[in-house]
Amino acid sequence: MEGLKVSDANLVVYVHPSMSNKISQAILRELSSLLFKFSETFEGVVLAYDVNILDKIAKILSGIHPYFGVSLKANLLLFSPKPNMLLEGKVVKLTQESIHVIVLGFSSAIIIDEDIREEFKYKAKHGDELYASRSNRRHKIKVGTMIRFLVKSFDEEILHISGSLIPAHTGSIRCLDKNSEDVSLTNRSTRKRREGEGETEMQENETFGGGECSLSIGHQTKKLKKHRSAKDH
Amino acid sequence: MGMELPIENAESHEMEDVNISDTELVYHVREALTASLTGDYDNYNQLVAVMHLNGRLGPDERALLETSLKALSGAVSYLDSVHHDSLLTSIFGMNMWNYEPDVMDALKGLIISLAASNGKYIDSCLSMLVSNFTPPYFILDKLTLPYGLERKHQVLSRVHAALKNIADLVPLSPLRLLPIVVQSMPNAKHKPERLKMIVIYVENMLTLESGAMGELVGSTVLMAVVDRLIDLDVEIEWEEILYDDSSKGIFEMELEDVEDDGELSRGSLSRKSLTGNVIAELLDSLLVQTFEHLESCERAGRLIEVFETLLQSFQITVLNAYKSKFAQFVMFYACALDPENCGLKFATVLADIFVSGVYPPLTRMSTVSYLASFLSRGKFLSISFIVSLLKRLVDWCSEYCKTQGGDINPKAHRVFYSGCQAIMYVLCFRMRSIMDIPRLKSQLLLMPLDTILKHELNPLKVCLPSVVSEFLRQSKAARLFTLSKTFIFNDLLESELSRGFGGIERLDMFFPFDPCLLKKCDSFIRPNFVYWSMVRATYDYEEENSSDEDAAEDFVDGNGDEVMDDGMGRSFDEHDLDEFDYSTLNKMSITPKNAFVCRFEGKLGQPTRMPSKIRPSTSPESL
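Because the structure is a prediction, the values reported are computed rather than measured. Counting restarts for each chain, with residues numbered from 1 along the sequence as it is written. Following the order in which they are written, the chains are lettered starting with A and the ligands numbered starting with 1. The predicted origin of the model limits local features to residues at a pLDDT of at least 70 and limits the giving and counting of side-chain atom pairs to 80 or more, whereas totals for whole chains, interfaces and linings rest on all residues.

Q: Would you mind going over the overall build of chain B with me for this structure?
A: Within chain B, the regular secondary structure consists of 32 helices and zero strands. The buried share of chain B, taken over its 623 residues, is 48%. What counts as a contact is two residues whose backbone-derived C-beta atoms lie within 7 Å of each other. A separation of at least 24 residues holds for 78% of the contacts in chain B among residues at least 6 apart in sequence. To qualify as a helix, a DSSP run of H or I must reach at least 4 residues; to qualify as a strand, a run of E must reach at least 2; elements of each kind are numbered from the N terminus. The burial label depends on the number of other C-beta atoms within 10 Å of a residue's C-beta. Counts of 20 or more mean buried, 12 or fewer mean exposed, and intermediate counts mean partly exposed, with C-beta atoms placed from the backbone.

Here's what the structure looks like:
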């Protein structure tokens, strides 16, 4: 997934004199105030930080409140989605008009029906709402599915993303990845499926005659021996 | 075909005949919205008009409104925040209380869709939901009727479900919800009509606190509730509490006192006490609500977490509020619900603040008043725990005596004096119970009370004479502490010196957990409360031996010896249980004036009884 970056920042935190006996607490509090907010300076949302105090000597500001500036070197994990980046998230709500996704557990995204490509058709069966692909009947998107989508725009204030499922390389991650692996690994006759923590679920799916989107080419038993990278989970 | 839909006078049969699917409706609304961008406002305006349908709606209108709302939720992505401002404004202006459940549901759905569709709408959506916390004025009076209750349940369950739904779709929405909830809260500055809404508003806040979002918003919401309690609390002035219609004599006396001070003119009095009563009633309801919430927290096993928040807000606001009268009972009740954890924690934190040097003197004095009052009044506290805290106070005071010297100086050593007064006050209430347990008795005897009280700073002369003389009387009987020279106070309630250390704040006379005079609230506090009339003093050991057994039966507490055994030294008749109604609000225990007792004695000749009712615990002696 794109949109995540680590950046090294040199910061100066001005600490109120009343906090002079608990500097590190004051610094952590100050840095924590950055969390989950878009910062113009870093051009992104700070998700995590790791901080090193560079110098034991701090500069004292003259004034009524003699704040003192502590120099820091901070390692920041930033989330800065830009248009046309690919993001991944979990579907939390699905209607005929829109798909609601949550990215990284905090940022909300919406994909409206106009931004869902023709390939996907809305179906409501037995109260379950889902989008199913017309070309690949295993390719389905429903509540709980992890999908990959394209960023259209990003509202920095509320961290709201508007996304799109128009490009062909967007959709259910499990299915997309499997298809690409499929191409590269077609010469192998047997494969072992291993899905990390998703393994049990996949085996269950096999028993029921196919997963959400199993391999589309070939009908022989395939075993895929591949460790997924952590980001897929 | 769907085109006819938004037209208000569309006939019902038309709609039934033409079976329009939801999807078609959605497309129709989308067209209307898109058309308005190009200047074709016909359908758009009809849509706006539908949103303004109000009052008693016929079945057709209701159906029209419901379908329009549903169709709009499918078309939210076509809304333009600038261009469709009129439509959005009318949607956000809608009030669920005005509609039937089917329309409420449609509106709820629309608001959720709007909030999740675009970051721009989220604040407005949350504000709209929060404004639905309180009913329109015309329903407010009907809330106690079955119809009103049903409507309230219908609306509020939907409002909270919607808030939760939005939080599921927009995980950061609780962060934005918080300031909205806190700012929209009715405050004491509002007109009485608006202020009345506060009870139902707080009910909603507490629902939020205990709901799915509680983890995120709980502590802030709870603090806001406590802040509002304090706000209302300070609206009720001490002076107002003292005026009593039922006993003319006292009223006149107190009025004189006030006039002496020149604080209030006669004219302003009646009006003030009236608003005081409205606010007191509100405060009473709010406190009861908070108590009930604490009970539910206790049942859910999360009282300790909630208590942490309360303790924090207590330190920030209540502790520093000038002589808070009622809000502190939230702490008292929480401690009563879980004395093992909350009670110990509360007392320990108070003692920590008092003995640590980093807090300003006024905070420390007020803290030790809270501590003394809490230790004396909390029926649920174990005697051994009280002794351990007394020991901390005594240790601090004796440490202080070692480093300080010189003459009596009420102002410079005010923290010390307040500490001494606290020790004596607690002992007035608890000495007998401590003496009854040999292990604790020996602990108490080992405390260096002698050195402190006979120190050259002479706390006995400075502390409230009423507390001192009661203490001396009891300690003499218990052979705890004796003085060579006798103090004669002439039944003074306070001395010049005690006034000196109390300062204009009169912290020397501040006993925060004196009997709660709010009627409903008192019924919660009463079972956990030690009244002065229940205290057995050391000196009436012999007198009461006969009645002791009966009394013990009345006040058996499950926890056995360790808990204060609340035998009555005096009969309960003196302390009329039913007296505690609103009129007793005017008999708050602590008064800023002292002249009272002396005059009272003169007039009625019953010095041992009456003052206890009027101000039960200005001092133990007043009984």
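Structure's up, so let's keep going.
Q: How should I be thinking about the overall build of chain A in this particular structure?
A: Counting its secondary structure elements, chain A contains three helices and 14 strands. Within chain A, contacts between residues separated by at least 24 positions form 64% of all contacts whose residues are at least 6 apart in sequence.

Q: What am I meant to see in the sheet that holds strand β9 (residues 120–125) of chain A here?
A: Adjacent strands of a sheet pair through backbone hydrogen bonds, lying either parallel or antiparallel. Residues and elements named next belong to chain A. A pair of strands counts as paired when DSSP detects no fewer than two bridges linking them. What the three strands build is an open sheet, ordered β9-β10-β11; its pairing is antiparallel. What marks the edges here is a single partner per strand, and that holds for β9 and β11 (140–142). The sheet shows a mean angle of 25° between the axes of neighbouring strands, taken without regard to direction. Two strands pair when backbone bridges link them, and strand β10 (residues 128–133) and β11 are joined in this way by three bridges, in the antiparallel orientation. If you follow tyrosine 131 over to β11, its bridge partner there is isoleucine 141. An axis is simply a line fitted to the C-alpha atoms; with a helix, the fit covers only the stretch in contact. Between two such axes, the angle follows the N-to-C directions and lies from 0 to 180 degrees.

Q: Whenever I open this one, the environment of isoleucine 434 of chain B confuses me. Can you help?
A: Along the chain, isoleucine 434 of chain B turns up in helix α22 (residues 414–436). Those residues in contact with isoleucine 434 of chain B that sit more than four places away from it in its chain are Ile383, Val387, Leu440, Lys441 and Leu444 of chain B.

Q: Could you clarify how one ought to interpret the nonpolar core in this entry?
A: Looking at soluble globular proteins, one finds that nonpolar side chains tend to be buried together. Counting 200 residues, the largest nonpolar core has Tyr333, Ala334 and Leu371 of chain B as the members making the most contacts within it. Of the residues forming this core, the biggest block, 14 residues, is contributed by α22 of chain B. As used throughout, domain bounds are those supplied by an automatic or database domain assignment. Split by domain, this core shows at least three residues from each of two domains, domain 1 (4–79) and domain 2 (86–176) of chain A. Non-local contacts of tyrosine 333 of chain B, meaning those with residues more than four positions away in its chain, are made with Phe291, Leu294, Phe524 and Ile525 of chain B. Put simply, a nonpolar core is a cluster of buried Ala, Val, Leu, Ile, Met, Phe, Trp, Tyr and Cys residues tied together by C-beta atoms within 7 Å.

Q: Explanation requested: the interface of chain B and chain A in the structure shown.
A: One frequently used descriptor of interface size is the decrease in accessible area upon assembly of the parts. Between chain B and chain A, the contact holds 14 residues from the first and 18 residues from the second. Contributing elements (two or more residues each) for the side of chain B that touches chain A: α2 (22–37), α6 (101–117) and α9 (146–169) of chain B. Polar here means any residue outside two lists: the nonpolar Ala, Val, Leu, Ile, Met, Phe, Trp, Tyr, Cys and Pro, and the charged Asp, Glu, Lys and Arg; Gly therefore counts as polar. Taken together, the residues that form the side of chain B that touches chain A break down as seven nonpolar, six polar and one charged.

Q: Sorry, what's going on with the domain arrangement of chain A here?
A: All names here are of chain A. Examined at the domain level, chain A breaks down into domain 1 (4–79), domain 2 (86–176) and domain 3 (178–227). Relative to domain 2, the C-alpha centre of domain 1 lies at a distance of 37 Å. With four residues of domain 1 at the contact, the number on the domain 2 side is five residues. Looking at the side of domain 1 that touches domain 2 residue by residue, the class counts come to four nonpolar, no polar and no charged.

Q: Can you help me understand unusual backbone geometry in this one?
A: In most cases, non-glycine residues show a negative phi, while peptide bonds are predominantly trans. Residues and elements named next belong to chain A. At glutamate 43, a position not held by glycine, the phi torsion is positive, near 55°. Looking at the element boundaries, glutamate 43 is found in the loop between β2 (38–39) and β3 (44–53). We classify glutamate 43 as partly exposed; it has 13 C-beta atoms within 10 Å. Positive phi, normally seen in glycine, also occurs at asparagine 84, with a value near 75°. By secondary structure assignment, the location of asparagine 84 is in the loop between β5 (68–79) and β6 (86–94).

Q: Can you help me understand the pairing of β5 of chain A in this one?
A: Every other side chain in a regular strand lies on the same face of the sheet, so the side chains alternate between the two faces. Residue and element names in this part refer to chain A. Relative to β5, strand β1 (residues 4–15) is paired through 12 bridges, and the arrangement is antiparallel. Pairing of alanine 9 across the sheet is with alanine 74, part of β5. Both β3 and β5 contribute to a ladder of eight bridges, which runs antiparallel. Following the sheet pairing, alanine 48 is matched in β5 by leucine 77. Judged from the two bridges that link them, strand β4 (residues 59–60) and β5 form a sheet pairing that is antiparallel. Note on β5: the bridge partner recorded for isoleucine 60 is phenylalanine 68.

Q: Can you walk me through the packing of helix α18 (residues 329–337) of chain B against helix α19 (residues 339–355) of chain B in this structure?
A: When two helices pack together, their arrangement is given by the angle between the helix axes and the distance between those axes. Residue and element names in this part refer to chain B. In contact at an axis separation of 6 Å, α18 and α19 are set at 140° when each is read in the N-to-C sense. Considering the angle they form, α18 stands oblique to α19. Judged by the twist between their axes, the crossing of α18 over α19 is left-handed. Along its contact with α18, which presents Met331, Ala334, Cys335, Ala336 and Leu337, the element α19 presents Pro339, Cys342, Gly343 and Phe346. Roughly parallel refers to an angle under 35 degrees, roughly antiparallel to one over 145, roughly perpendicular to one between 65 and 115, and oblique to any angle outside these ranges. Working rule for handedness: look at the near helix, and if it is turned counterclockwise from the far one by less than a right angle, call the crossing left-handed; if clockwise, right-handed.

Q: Would you mind going over the environment of glycine 405 of chain B with me for this structure?
A: Relative to the helices and strands, glycine 405 of chain B resides in the loop between α21 (383–403) and α22. For the pair glycine 405 of chain B and leucine 319 of chain B, spaced 86 residues apart in sequence, the C-alpha separation works out to 30 Å.

Q: What's the story with the environment of arginine 138 of chain A in this structure? I'm lost.
A: Inspection of the secondary structure assignment puts arginine 138 of chain A in the loop between β10 and β11. As a C-alpha pair, arginine 138 of chain A and cysteine 175 of chain A span 37 residues in sequence and 7.8 Å in three-dimensional space.

Q: Explanation requested: the packing of helix α17 (residues 303–318) of chain B against α19 of chain B in the structure shown.
A: Residues and elements named next belong to chain B. Two numbers describe how α17 lies on α19: the axes approach to 10 Å, and their chain directions differ by 20°. With respect to their mutual orientation, α17 and α19 come out roughly parallel. Regarding α17 and α19, the two cross each other, and that crossing is right-handed. Seen from α17, the contacting residues are Leu303, Ile304, Phe307 and Leu311; seen from α19, they are Asn341, Cys342, Lys345, Phe346 and Val349. Of the residues belonging to the contact of α17 with α19, the class tally is seven nonpolar, one polar and one charged.

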